[in-house]
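# Overview (structure and organization)
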2 protein chains.
Amino acid sequence: MTTTYKNVYLKETSTIAGNYEANGPLKSYYDKTYTKDLYFGETSWEHAEIKLLKDSISLLLKKSKLKENDVDLLISGDLQNQIASSDYASREFNIPFLGIYNACATSSEGIIIASTFIDSKQAKNCIVSTVSHNTAAEKQYRNPTEYGTPKPETATFTVTGSASILLTSEKTDIRIESATIGKTIDKGTKDVNHMGAVMAPAAADTIYRHLQDLNRSPDYYDLILTGDLGKYGKEILINYLKKVYQLDISSNYDDCGTIIYDTDKQPVLAGGSGPACSALVNYSYVYRLMKEKKLKRVLIVPTGALFSPTMFFQKESLPAIAHAVSLEVVEK
Amino acid sequence: MTTTYKNVYLKETSTIAGNYEANGPLKSYYDKTYTKDLYFGETSWEHAEIKLLKDSISLLLKKSKLKENDVDLLISGDLQNQIASSDYASREFNIPFLGIYNACATSSEGIIIASTFIDSKQAKNCIVSTVSHNTAAEKQYRNPTEYGTPKPETATFTVTGSASILLTSEKTDIRIESATIGKTIDKGTKDVNHMGAVMAPAAADTIYRHLQDLNRSPDYYDLILTGDLGKYGKEILINYLKKVYQLDISSNYDDCGTIIYDTDKQPVLAGGSGPACSALVNYSYVYRLMKEKKLKRVLIVPTGALFSPTMFFQKESLPAIAHAVSLEVVEK
């Protein structure tokens, strides 16, 4: 399903990152970084994740000079069971709350829902947030990091960070131009250590449908930026789109999982993942390049693997999804 | 946040229930029941839950004579970690998917999001689904049922069932008239065996704001129906609304958790819970009474406790939320 918006604008973003991210190529783009450890003064990884999310929402309110009462809606999701980080962060804010979950595609799901509320004039200001925390995610999805379980090169590294975006009906320099809601795609892959391969077909389906529905070619965009396929998944997507859809995106395509880290120098295997990965890249780096008009049309395509450890242990394959959002500099 | 809709209609529902529900007061209202066991031919409780959800979506498509391509959007959520039931059911349908999570308030969250897509003319037909499964939920949230852990009288009993609703822009006899999105409310309660007490303040806040925002008194509605507070939570809500908000809803109020079971005769403690509880009651019993024009204005207020077992083990209190949706018979 592809939809276009008339009056949805991006007003402000907030980005908070952990130490691996602060040591990566985008370090100068984040609003705030925590570099001492991954606890941030809390007593558990989960509470550290909640703190990150609360911080990013508070910072967004501060940066955009809004009070809680000025915001109609907070939309948030994360990787914790029962999206606990979003649940517990939301209780701190006097703002109506909708919890969402599409794994690492959560940020674009939230942007699409918020944009619909704003475009239909039901809401004026919406905050869309997400968060992920490396050691909290490892503990829940795989093994506690302390176990030292080895991983193959195709595995990705969950980003520690939180990113929020304020969407509004008030005119700004950047608007949400259109979006395509993804379908759940499952090609039968069962390798939890190769999420790039799991998610590439979902990204391909969404990118193809987006371009078809709006009668656009890939070069309509200055940049097409997938969620977190990582360095191997990125190549799979390029080849898959060529082979299955006869679509060449190689000249203006990149992946947030390979932008957020220096995969040659940092110990992050195939690159970054987690819902905060694409949100951090999009709301810091991409946002700044668009504000500086170095990028004018960007298609962000956060990708998510919709599995659970329980389903994996029951020998299930791994479904995936990707939602595309077109961001556009408003020409005066 | 309260919003009114101009052109959102309820076209069809589907309801599938397990054996406790089939032995309850609403047995004649469900489309389909599974009474043999709780496996439904599957090999795990989780796969049984996925089957229930797939069944209810397929049945809804059949009852409403729609093909997958006719449906713009599938919105679904459930109690499984990473909403796995919705993820795995969604891969079976060629319909764009948005995953949501607000625990047992998931159904009204979905109705509100779908209504916004329809009211803004971005979508014509949306399916909103949810599911819960007693033994899958017990295993994940508390202890496997086989352990025989005793519970206090205030505990609720997770409903086994799945319910889906088709919302559309095409005029029918019942419309979605307005809705109020809830805020996350946490009064510091920590008793996971008394969810009625945890959720009542959230229901009260949402009901109060809904009536205030639309300048209505409780008797505007033929029935105000909360999600799943159970028999003790129901009394708490009535008293809480009287004491804190000077609002008396006692003459036209009931709770889905006490309607779905005969709490005097069935071994269900304080009543039903789980996202399927309110959805089953609303989409079978309430829907039929509205079609027969025995109820003309109904405010459904599904309630959810936004905690996770991890947060409970870390000694956290339990946040809750409630979203209200006003259903109205269309006067010719």
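As the structure is a computational prediction, the values presented were derived from the model and not from experiment.

### Brief notes about the overall build of chain A
Helix and strand content of chain A: 10 helices and 16 strands. The C-alpha radius of gyration of chain A comes to 18 Å, within 12% of the 20 Å expected for a compact globule of 332 residues. C-alpha extents for chain A along the principal axes are approximately 50 × 50 × 35 Å. Partitioning the intrachain contacts of chain A with sequence separation of at least 6 by distance along the chain shows that 78% fall at a separation of at least 24. Surface accessibility of chain A: about 11200 Å² in total, with carbon and sulfur atoms responsible for 47%.

### Some thoughts on the interface of chain A and chain B
Opposite the 59 residues of chain A that make contact, chain B presents 59 residues. The junction of chain A with chain B conceals about 4600 Å² of combined surface from both sides, 58% of it contributed by carbon and sulfur atoms. If you look at where chain A meets chain B, you find four salt bridges. A salt bridge links Glu316(A) to Arg91(B), with the shortest nitrogen-to-oxygen separation between them at 3.0 Å. For the pair chain A and chain B, the interface holds 36 residue pairs in polar contact (both at pLDDT 80 or more). Of all the secondary-structure elements, those providing two or more residues to the side of chain A that touches chain B are strand S1 (2-4), helix H2 (45-63), helix H3 (84-90), strand S5 (97-99), helix H4 (106-119), helix H5 (134-141) and helix H10 (309-313) of chain A. In terms of residue count, the dominant contributor to the side of chain A that touches chain B is H4(A) (six residues). Split into classes, the residues belonging to the side of chain A that touches chain B amount to 27 nonpolar, 22 polar and 10 charged.

### Looking at unusual backbone geometry
Excluding glycine, a negative phi dihedral is what most residues carry, and trans is how most peptide bonds are arranged. The phi dihedral of Gln246(A) is positive, around 50 degrees, even though this residue is not glycine. Along the polypeptide, Gln246(A) turns up in the loop between helix H7 (230-245) and strand S11 (253-255). Judged by its relative accessible area of 62%, Gln246(A) falls in the exposed class. Even without being a glycine, Leu269(B) presents a positive backbone phi close to 55 degrees. Along the chain, the position of Leu269(B) falls in the loop between helix H8 (256-259) and strand S12 (272-273). The partly exposed category is assigned to Leu269(B), whose relative accessible area is 22%.

### Side note on the relation of the copies chain A and chain B
The second copy of the chain is related to the first by a rotation about an axis and a shift along the axis. Structural alignment of chain A on chain B gives an RMSD of 0.0 Å, achieved by rotating through 180 degrees and translating 0.0 Å along the axis. These values place the two chain copies in the arrangement generated by a two-fold rotation axis. Residue Ile100(A), judged by its C-alpha, is the member of chain A lying nearest the rotation axis, at 2.0 Å. The residues that chain A uses at the interface reappear at the interface of chain B in 100% of cases, marking a shared surface.

### Thoughts on H7(A)
All names here are of chain A. Given a rise of 1.5 Å per residue, 16 residues ought to cover 22 Å, and the 21 Å separating the end C-alpha atoms of H7 matches this to within 8%. Considered for burial, the residues of H7 that qualify are Gly230, Gly233, Lys234, Leu237, Ile238, Leu241 and Tyr245. Angularly, the buried residues of H7 cover 145 degrees about the axis, an arc narrow enough to put them on a single face. Turning to H7, the residues buried within the fold contact helix H6 (195-213), strand S10 (223-226), S11 and helix H8 (256-259). Following H7 by one or two positions, glutamine 246 has its phi on the positive side, about 50 degrees.

Procedures and definitions
Residues numbered from 1 in each chain as written. Chains lettered and ligands numbered in written order. Predicted model: local features only at pLDDT ≥ 70, side-chain atom pairs only at ≥ 80, totals over all residues. Heavy atoms only, no water. Helix = DSSP H or I, 4+ residues; strand = E, 2+ residues; numbered from the N terminus. Rg over C-alpha atoms; globule rule 2.2 N^0.38 Å. Contact = heavy atoms within 4.5 Å. Areas by Shrake-Rupley, 256 points an atom, 1.4 Å probe, with all protein chains shown as cover. Buried area = accessible area lost by both parts, 1.4 Å probe. Salt bridge = Lys/Arg side-chain N within 4 Å of Asp/Glu carboxyl O. Polar contact = N/O pair within 3.5 Å; in protein donor to acceptor, adjacent residues only side chain to side chain. Nonpolar A, V, L, I, M, F, W, Y, C, P; charged D, E, K, R; others polar. Buried < 20%, exposed > 50% of the residue type's maximum accessible area, 1.4 Å probe, protein only. Least-squares fit on C-alpha atoms with pLDDT ≥ 70 in both. Expected span 1.5 Å × (residues − 1). Arc of directions from axis to C-beta.

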